[in-house]
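Residues per chain, in single letters:
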Amino acid sequence: MIKTVIIDDDILTHKVINSYINKLNDVEVVENFSSPVEGLKFLNDNSIDIIFLDVEMPDFDGFDLMDMLKCKSSIVLISSEQDYALKAFSYNVFDYLHKPIQFQRFYNTIDKYKEALLKVTEPVIVSETIFVKVNRQLTKVDCNTIISITSNGDYMKILLEDNSKLHVYGTLTNFSKVIP
């Protein structure tokens, strides 16, 4: 499950993004924040995959928030102004959505994120969950269900509590660096 947070002072934007995410079965909104201050507190204590972040907000803007952010989540900036796009990419944001956000454009962003995950050959940690590449597909694995991991050259066999076995491309050395 891809975990997201929305930080925007515009309630309509929250409703739109939430309705789009409700149409997808592998993405969830963990929290909604109207205040960047509250959002920042939450993000520095929690693991999130994608942050949908407005640029113009009271207290401080999205760029200020990114400067203070300690987590390594992918940032998707959202704004009604296109003038921020160039600055946004200097911050190495994942994507930039222009308001009003169209569903197809939003879906393309989520799809692009999934494709980026597929290109990763090493496991990706999402809280107590990891994604491993099995037969060119990302497979979600709850770390608490792993019974054993056996290495065989460049491949590993992961045995899970339900007796299922995953054959994963990657070395045990690299895998041990990222598993919680």
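Reference entry: report on the structure contained in this document. (Residues numbered from 1 in each chain as written. Predicted model: local features only at pLDDT ≥ 70, side-chain atom pairs only at ≥ 80, totals over all residues. Heavy atoms only, no water.)

Overview of the overall build of the protein chain
Here is step 1 of the chain: Looking only at helices and strands, the protein chain features six helices and 11 strands.
Here is step 2 of the chain: When the backbone C-alpha atoms are referred to their principal axes, the protein chain occupies close to 55 × 30 × 30 Å.
Here is step 3 of the chain: Sorting the 180 residues of the protein chain into buried and exposed places 41% on the buried side.
Here is step 4 of the chain: When the accessible surface of the protein chain is summed, it comes to about 9,900 Å², and 48% of that surface belongs to carbon and sulfur atoms.
Here is step 5 of the chain: Charge separation in the protein chain, taken as the distance between the mean sites of 18 positive and 26 negative side-chain charges, equals 8 Å. (Helix = DSSP H or I, 4+ residues; strand = E, 2+ residues; numbered from the N terminus. Buried < 20%, exposed > 50% of the residue type's maximum accessible area, 1.4 Å probe, protein only. Areas by Shrake-Rupley, 256 points an atom, 1.4 Å probe, with all protein chains shown as cover. Lys, Arg positive; Asp, Glu negative; His and termini not counted. Charge placed at Lys NZ, Arg CZ, Asp CG, Glu CD.)

Thoughts on helix 1 (residues 11–22)
Here is step 1 of the chain: Compared with the 16 Å implied by 1.5 Å per residue over 12 residues, the 16 Å span of helix 1 between its first and last C-alpha is a close match.
Here is step 2 of the chain: Of all the positions in helix 1, only Thr-13, His-14, Ile-17, Asn-18, Tyr-20 and Ile-21 are classed as buried. One side of helix 1 carries all its buried residues, which in axial view fall inside an arc of 160°. When the buried face of helix 1 is taken as reference, the exposed residues oriented beyond 90 degrees from it are Leu-12, Lys-15 and Asn-22.
Here is step 3 of the chain: Taking the backbone nitrogen of Leu-12 as reference, a side-chain oxygen 3.3 Å away marks Asp-10 as the first, capping residue of helix 1. (Expected span 1.5 Å × (residues − 1). Arc of directions from axis to C-beta. Polar contact = N/O pair within 3.5 Å; in protein donor to acceptor, adjacent residues only side chain to side chain.)

Side note on the nonpolar core
Here is step 1 of the chain: Ile-7, Leu-43, Ile-51, Leu-53, Ile-75 and Leu-77 are the most contacted members of the largest nonpolar core, which has 21 residues in total.
Here is step 2 of the chain: The set of elements that each furnish at least two residues to this core consists of strand 1 (2–7), helix 2 (36–43), strand 3 (50–54), helix 3 (62–68) and strand 4 (74–79).
Here is step 3 of the chain: Those residues within four positions of Leu-43 in sequence are excluded, and the remaining contacts are Val-5, Ile-7, Ile-48, Ile-51, Leu-69 and Cys-71.
Here is step 4 of the chain: Core analysis: the next-biggest nonpolar cluster, separate from the first, contains 18 residues, Ile-6, Ile-21, Leu-97 and Ile-110 among them. (Core = buried A, V, L, I, M, F, W, Y, C linked by side-chain atoms within 4.5 Å. Contact = heavy atoms within 4.5 Å.)

Observations concerning a negative patch on the surface
Here is step 1 of the chain: Side chains of Asp-9, Asp-10, Glu-56, Glu-81 and Asp-83 sit close together on the surface and give a patch of like negative charge.
Here is step 2 of the chain: Mapped onto the elements, Asp-10 comes out in the loop between strand 1 and helix 1. (Patch = residues over 30% accessible without salt bridge, like charges linked within 9 Å, V, L, I, M, F, W, Y side chains within 5 Å. Salt bridge = Lys/Arg side-chain N within 4 Å of Asp/Glu carboxyl O.)

Considering the sheet that holds strand 10 (residues 155–160)
Across a sheet, strands are paired by hydrogen bonds formed along the backbone, either parallel or antiparallel in direction.
Here is step 1 of the chain: Strand order in this open sheet of three strands is 9-10-11, and the pairing throughout is antiparallel. The open sheet terminates on both sides in strands that have one partner only, identified here as strand 9 (146–152) and strand 11 (165–169). The mean inter-strand angle of the sheet, taken between neighbouring strand axes irrespective of direction, is 20°. (Pairing = 2+ DSSP bridges. Axes fitted to C-alpha atoms, helices over the stretch in contact; angles between N-to-C directions.)

Focus on the state of the cysteines
Here is step 1 of the chain: Tallying each qualifying case throughout the model produces zero disulfides.
Here is step 2 of the chain: A disulfide-free cysteine, Cys-71 has its sulfur positioned 19 Å from the sulfur of Cys-143, the nearest such atom.
Here is step 3 of the chain: On the basis of relative accessible area, Cys-71 is assigned to the partly exposed category, the value being 21%. (Disulfide = S-S within 2.5 Å.)

Focus on helix 2
Here is step 1 of the chain: Taken together, the buried positions of helix 2 are Pro-36, Gly-39, Leu-40, Phe-42 and Leu-43. One side of helix 2 carries all its buried residues, which in axial view fall inside an arc of 165°.
Here is step 2 of the chain: Buried residues belonging to helix 2 abut strand 1, strand 2 (27–33), strand 3 and helix 3.
Here is step 3 of the chain: For helix 2, the side-chain oxygen to backbone nitrogen distance between the N-cap and Val-37 is 3.2 Å, and the N-cap itself is Ser-35.

Focus: the layout of surface pockets
Here is step 1 of the chain: Approximately 210 Å³ is the volume attributed to the largest pocket.
Here is step 2 of the chain: Residue lining of the largest pocket: Met-1, Ile-2, Asp-26, Lys-114, Leu-117, Leu-118, Phe-131, Gln-137, Leu-138, Thr-139 and Lys-140, and that is the complete set.
Here is step 3 of the chain: Breaking the lining of the largest pocket down by element, the ones donating at least two residues are helix 5 (103–119) and strand 8 (137–142).
Here is step 4 of the chain: At four residues, the largest contribution of residues to the lining of the largest pocket is made by strand 8.
Here is step 5 of the chain: Taken together, the residues that form the lining of the largest pocket break down as six nonpolar, two polar and three charged. (1 Å grid on protein atoms, 1.4 Å probe; cavity = no way out; pocket = protein on both sides within 12 Å on 5 of 7 lines; lining within 4 Å. Points joined across faces, edges and corners; volume = space filled by probe spheres on them. Nonpolar A, V, L, I, M, F, W, Y, C, P; charged D, E, K, R; others polar.)

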